Protein chains: 2
Amino acid sequence: MSANLREPGGEASSRVTRQMHVMGEAARRAARRMAAAEPGEKNAALFAIAEALTEQQDAILAANARDIREARGKLDAAAIERLELNAARIERMAEGVRQVAALADPIGSITDLNFRPSGIQVGRMRVPLGVVGIIYESRPNVTADAAALCLKSGNAAILRGGSESAHSNQAIAAAVARGLTDAGLPREAVQVVETTDREAVGAMLAMPQYIDVIVPRGGKGLIEFVADNARMPVIKHLDGVCHVYIDESADRDKAIAIAVNAKTQRYGTCNTMETLLVAESVARSILEPLAHDLLQAGVTLRGCEATRKLLGPEIQPATDEDWAAEYLAPTLAVRIVPDMHAAIDHIERWGSHHTDAIVTENVTRARAFIRAVDSASVMVNASTRFADGFEYGLGAEIGISTDKLHARGPVGLEGLTSQKYVVFGDGHVR
Amino acid sequence: MSANLREPGGEASSRVTRQMHVMGEAARRAARRMAAAEPGEKNAALFAIAEALTEQQDAILAANARDIREARGKLDAAAIERLELNAARIERMAEGVRQVAALADPIGSITDLNFRPSGIQVGRMRVPLGVVGIIYESRPNVTADAAALCLKSGNAAILRGGSESAHSNQAIAAAVARGLTDAGLPREAVQVVETTDREAVGAMLAMPQYIDVIVPRGGKGLIEFVADNARMPVIKHLDGVCHVYIDESADRDKAIAIAVNAKTQRYGTCNTMETLLVAESVARSILEPLAHDLLQAGVTLRGCEATRKLLGPEIQPATDEDWAAEYLAPTLAVRIVPDMHAAIDHIERWGSHHTDAIVTENVTRARAFIRAVDSASVMVNASTRFADGFEYGLGAEIGISTDKLHARGPVGLEGLTSQKYVVFGDGHVR
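Residues numbered from 1 in each chain as written. Chains lettered and ligands numbered in written order. Predicted model: local features only at pLDDT ≥ 70, side-chain atom pairs only at ≥ 80, totals over all residues. Heavy atoms only, no water.

A closer look at the interface of chain A and chain B
Rule in force here: Any pair of residues with heavy atoms lying within 4.5 Å of one another is described as a contacting pair. Accessible area, probed at 1.4 Å, shrinks when two parts are joined; the buried area is that loss added up over both. Criterion for a salt bridge: a side-chain nitrogen of Lys or Arg within 4 Å of a carboxyl oxygen of Asp or Glu. Identification of polar contacts relies on pairs of N or O atoms within 3.5 Å, with a donor-acceptor requirement for protein atoms, meaning one able to donate a hydrogen and the other able to accept it, and with residues adjacent in sequence counted only if both atoms are side-chain atoms. Numbering of helices and strands starts at the N terminus; helices are DSSP runs of H or I of at least 4 residues and strands are runs of E of at least 2. Pairing between strands is defined by DSSP: at least two bridges between the two strands are required.
Across the boundary between the two partners, chain A contributes 75 residues, which contact 77 residues of chain B. Carbon and sulfur atoms make up 52% of the area that chain A and chain B hide from each other, which totals about 6,400 Å². The tally of links from chain A across to chain B stands at 8 salt bridges. B:Glu414 is paired through a salt bridge with A:Arg124; the nearest N and O atoms lie 3.3 Å apart. At the junction of chain A and chain B, the tally comes to 47 residue pairs in polar contact (both at pLDDT 80 or more). Residue contributions to the side of chain A that touches chain B peak at 11 residues, all from strand 16 (residues 417–428) of chain A. Sheet topology note: the strand 16 of chain A/strand 13 (residues 377–382) of chain B ladder contains 5 bridges and is parallel. Bridging from a neighbouring strand, A:Val423 pairs with B:Met379 of strand 13 of chain B.

Structure below.
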């Protein structure tokens, strides 16, 4: 759980582990320089990285073609689509890096600086975390995105991408390194692990002396592995079992629009609705037409008994497995509940504390729902799909957290920082 | 590292572990009620607890006398002194609980509620963490202090005190339970572990499904054990190797006053200075008279070679062990350094990132020191002894953290809370 400074056991470390330690030491040194970097230096590096990405487009596309060639037959079409780069995608990557440059620099900001009765002034200064480790799967754009966010927040980064995008990642890493050195910052500020040996991941997770926080991005298997094995803090979310509850005072049109959007706008995202809860008294007036729209959109419904009674026996019965399911697919669990309290109980029991919404015109129940539901994002009359760093105004997102400590919900630059206390006196003693 | 919801392995759990699970389930239930408690209800409970502590003074003193009787011969005089209660100490405990009632209620506070381009409003609401576990050693007043802080911040608490104060803790727990029930809140909101079996600690650390965060308070052995074994986040600091650096532009009188205070005001606290760093150019003018004052106060100095050359060979030579030492005693390591950069390098290499101070009249170096030193508290012209929740205006302190994530430095009510996102729309979809 907590950072432990002892070296990993006495056993002779392998070559890969030794390599990772060398990267770790270099990252630690670079982190100190990055923490002291001026906003202008960091922005110059970001613009230089964006430029290098465009300039080195041919090399990046060639590397990507090699990844794609090697992936054929091993990955399915959707995975290959995620892996694939083209000129437009590289330009979008560069634009993303420029957007991070445009964000306010969080580092060094001092807040709440107040005089205390003793005469000292006490405030809090925002500082980088140090070295951020990011372990991710196929999409190579994460290499540029994550590098930009870590750089802007004054951290050093060690990035470990999926083996299927290894060549693309190294080509992008070359552009990042070029931008850093052009701006006079250490290229070790962003290191992309070269080896595709799985041992490198284990070594990263076992070096809290070099890595302050790990962010896993990818499928549930990866996130679970990282969470179970990391010896440093992890910023992560495991599941997105998100709910929309349609209250007895819901506006019919809003309820239908929100539920349809929350389910069908994208099926594979963590903020997609997976269970719909409907107050008994509006089941006929709202659930009936809503179910029609959802079925039209190609969504399979699995309902509780009351739902099946209302919608017909062709709706499959929902079991406990459905209440717990993150389908990431055009399937939706539907339950009719007596009232809001039953909906909240359902969410507390089966939800994953990611994002849950109520649709209601009743202000008292809206307040109560917001207060009682213990999720990273709680919404009134809005689609769960809004739970996203860009939509929340964080500018960019390194991930989403369903943990309670440190960062909760979409994690932007601030989640890659910490605050220290600063104290100013004039010879004050106790 | 991360909360893991699986039950501990398949082995048959023992009676103690089963008891702890029963407490954990009760705490989870109570936490939901506490999260919804109104400020007035929580304050009523705090005042009722303070009253019960005073009313039940005789029972508490009798229990304490029993602890003291059993401790004789087993604990040294200082430990017995820490254990001992009297009418004044109980009154101070009650007063502490009333002071917590007077603090602003952090729960439910919504900040940064802004409209986004999409039309939704996004803000952050402060919420309790859930269930806080506190594992502590001899001082029985921690039982009342910790109960009050957890209660005010809307959490449930499971408290495990030292076996030497078991009777006192149970008597205080009875007063806390009385206060809770008088105010209509569940008595399970604060549970004090009854058994003195060490297995109870292991069971607590292995139940992340019931305990959201653990705060160990006590000696280094306890904290290390908790940090190494907890399966949930830990708020802790291991070492307080605090530095005062006397810069070449230091005011002589302020430097002497601050260094003497930082070392001698209390020897056994984590924010006591353990190493003094002095710029070469002011060693003669400041270190010489300062050393005189420190020796007068009964402090043993261990110096670098330059220090011994200046102060005389009767000063013991300092080794690497001294630079790393948290003496918690009237001993001080002293090093003469060429300049501030060398001082910062020393602090980064040997310090524990707890509290470090510079004494200087030079604003440029003050700014640079504040920026570069990566410690929970960084000070200019003030004694390290100020690193304390009360001095910082937190009202009370549950502990001090030298970790970077979540809470850093003195941890008050806010460190026992988290923030969730709240989103308000009017039928908004993406």
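Next comes the rest of the description.
What to know about the pattern of salt bridges
Two side chains with opposite charge may pair up if their charged atoms get near one another. Our working rule: Relative accessibility thresholds used throughout: buried, under 20% of the residue-type maximum; exposed, over 50%; partly exposed, between the two (1.4 Å probe, protein chains only).
Scanning the model with the defined rule gives 48 salt bridges over all chains in all. Among the ionic pairs, B:Arg66 bridges to B:Glu70, the shortest N-O distance being 3.8 Å. Of this pair, B:Arg66 and B:Glu70 both sit in helix 3 (residues 57–71), 4 residues apart, roughly one helical turn. What makes B:Arg66 partly exposed here is its relative accessible area of 41%. Through salt bridges that share partners, A:Glu55, A:Arg178 and A:Asp182 make up one connected network.

Here we look at the nonpolar core
Put simply, the rule reads: By nonpolar core is meant a set of buried Ala, Val, Leu, Ile, Met, Phe, Trp, Tyr and Cys residues that side-chain atoms within 4.5 Å join together.
Among the nonpolar cores identified, the biggest contains 77 residues, and A:Met20, A:Leu53, A:Ile134, A:Ile158, A:Leu159 and A:Ile211 are the most heavily contacted of them. Tallying contributions element by element places helix 6 (residues 141–152) of chain A first for this core, with 8 residues. With residues up to four places along the chain from it excluded, the contact list for A:Met20 reads A:Ile158, A:Val193, A:Ala200, A:Ala203, A:Met204 and A:Met207. A:Leu405, B:Ala148, B:Val201 and B:Ile211 belong to the second-largest nonpolar core, a separate cluster that totals 76 residues.

Details of the state of the cysteines
Convention followed: What counts as a disulfide here is a pair of cysteine sulfur atoms lying within 2.5 Å.
For the structure on display, the rule yields 0 disulfides over all chains. Note on A:Cys150: no disulfide assigned, nearest cysteine sulfur contributed by A:Cys270 at a separation of 19 Å.

Looking at the relation of the copies chain A and chain B
For clarity, the threshold we go by: Superposing the copies works by least squares over the C-alpha atoms of residues that have pLDDT at least 70 in both of them.
Once chain A is rotated about the relating axis by 180° and shifted along it by 0.0 Å, it coincides with chain B to within an RMSD of 0.0 Å. Put plainly, the chains are arranged around a two-fold axis.

Digging into the UniProt feature "domain: Aldehyde dehydrogenase" (unreviewed entry) in chain A
Stated formally: UniProt positions are given in the numbering used here, feature names are shortened, and annotations may be inferred rather than shown by experiment.
In the numbering used here, UniProt assigns the "domain: Aldehyde dehydrogenase" (unreviewed entry) feature to residues 18–294 of chain A. Across residues 18–294 of chain A one finds 52% helix and 16% strand; the C-alpha atoms that close the span lie 54 Å apart.

What to know about the environment of B:Gln57
All names here are of chain B. Mapping Gln 57 onto the fold places it in helix 3. Residue Gln 57 is classed as partly exposed on the basis of its relative accessible area, which comes to 21%. Dropping the residues within four chain positions of it, Gln 57 is found in contact with Ala 87 and Ile 90.

Topic: the environment of B:Phe115
Residue and element names in this part refer to chain B. With respect to the helices, strands and loops of the structure, Phe 115 is situated in strand 1 (residues 110–115). For Phe 115, a relative accessible area of 60% translates into the label exposed. With 241 residues separating them along the chain, Phe 115 and Asp 356 place their C-alpha atoms 41 Å apart. Apart from residues lying up to four places away in sequence, Phe 115 is in contact with Ile 120 and Gln 121.

Concerning the side chain of A:Asp212
Following the sequence through the fold, A:Asp212 ends up in the loop between helix 8 (199–205) and strand 6 (213–217). At 3.1 Å, the side chain of A:Asp212 forms a polar contact with the side chain of A:Arg28. Of note is the side chain of A:Asp212, whose polar atom sits 2.8 Å from the backbone nitrogen of A:Val131. Once residues within four sequence positions are removed from consideration, A:Asp212 is found in contact with A:Arg28, A:Leu129, A:Gly130, A:Val131, A:Met232, A:Pro233, B:Lys404 and B:Leu405.

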